[in-house]
Amino acid sequence: MILYHGSSLAVEKPQLIEQKRGLDFGAGFYLTSREEQAARFSEIVVDRRKSGVETVSVYEFDMETAEKTLNILKFSSADKKWLRFVAENRFKTYTDASYDVVVGAVANDSVMPTIQAFLGGFVNEEATIITLKTSKLFDQWCLKSEKALSLLRFVKSYEIGGDSNG
């Protein structure tokens with residue numbers, strides 16, 4: 001399976017780096033199956049850091065082996081279970097089972113105001129889920145262990161608007 005990572009530089013050797021801010025699925029290496037989404041995220045990263053070049057890194061992920069050997073949590077939709085998981089990870093209060101891989105919808109720019117309203121206590125869970133169901137949600141993959149990273153093989157990277165390299 002092909003997965004993409006958007007950043008301000010090529011990432012040939014992904015690493016698990018603890019983030020200061022709470023992310024949807026907690027600490028890990030984030031990817032997506034949508035190339036356009038990775039490109040958009042690379043723009044966000046460059047803008048946030050005020051440095052680097054919008055870059056998409058492309059990988060092959062050994063899903064067959066992953067399904068046999070890793071503890072994987074998959075959310076089929078942005079439902080109550082997904083919303084609670086995202087909320088706990090964003091607040092850094094998640095304490096349940098640990099996973100090697102988490103797959104599900106991304107709380108991206110288009111739905112972030114809804115998520116923030118929920119996290120701030122301004123909108124209840126039911127209203128948040130109803131609003132999310134009307135949104136076009138894209139996927140994200142969070143590799144959370146070295147075992148998961150070992151199943152990821154770097155293919156190439158390219159700068160947005162530039163030529164392929166690697």
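For the structure given in this document, a descriptive report is provided here. (Residues numbered from 1 in each chain as written. Predicted model: local features only at pLDDT ≥ 70, side-chain atom pairs only at ≥ 80, totals over all residues. Heavy atoms only, no water.)

Moving on, we get to the packing of helix H3 (residues 80-90) against helix H5 (residues 125-133). Running from N to C, H3 and H5 cross one another at 105 degrees; their axes reach a closest spacing of 10 Å. In terms of orientation, H3 lies roughly perpendicular with respect to H5. Listed contacts from H5 to Lys80, Trp82, Leu83 and Arg84 of H3 are Glu125, Glu126, Thr128, Ile129 and Leu132. The residue makeup of the contact of H3 with H5, split by class, is four nonpolar, one polar and four charged. (Axes fitted to C-alpha atoms, helices over the stretch in contact; angles between N-to-C directions. Helix = DSSP H or I, 4+ residues; strand = E, 2+ residues; numbered from the N terminus. Parallel < 35°, antiparallel > 145°, perpendicular 65-115°, else oblique. Contact = heavy atoms within 4.5 Å. Nonpolar A, V, L, I, M, F, W, Y, C, P; charged D, E, K, R; others polar.)

Relative to the elements of secondary structure, Gln140 occurs in strand S6 (residues 139-143). For Gln140, a relative accessible area of 5% translates into the label buried. There is a polar contact of 3.1 Å between the side chain of Gln140 and the backbone oxygen of Ala105. In contact with Gln140, other than residues within four places in its own chain, are Asp24, Phe25, Tyr30, Leu31, Val102, Val103, Gly104, Ala105, Val106 and Ala107. (Buried < 20%, exposed > 50% of the residue type's maximum accessible area, 1.4 Å probe, protein only. Polar contact = N/O pair within 3.5 Å; in protein donor to acceptor, adjacent residues only side chain to side chain.)

A few words on the sheet that holds strand S2 (residues 29-31). Ordered in space as S2-S6-S5-S4, the four strands form an open sheet in which the pairing is mixed. Each edge of the open sheet is held by one strand with a lone partner, namely S2 and strand S4 (72-74). The sheet shows a mean angle of 15 degrees between the axes of neighbouring strands, direction not considered. The pairing of S2 with S6 spans three bridges and is antiparallel. Note on S6: the bridge partner recorded for Leu31 is Trp141. (Pairing = 2+ DSSP bridges.)

Functional significance is not addressed by these values, which are geometric in nature.
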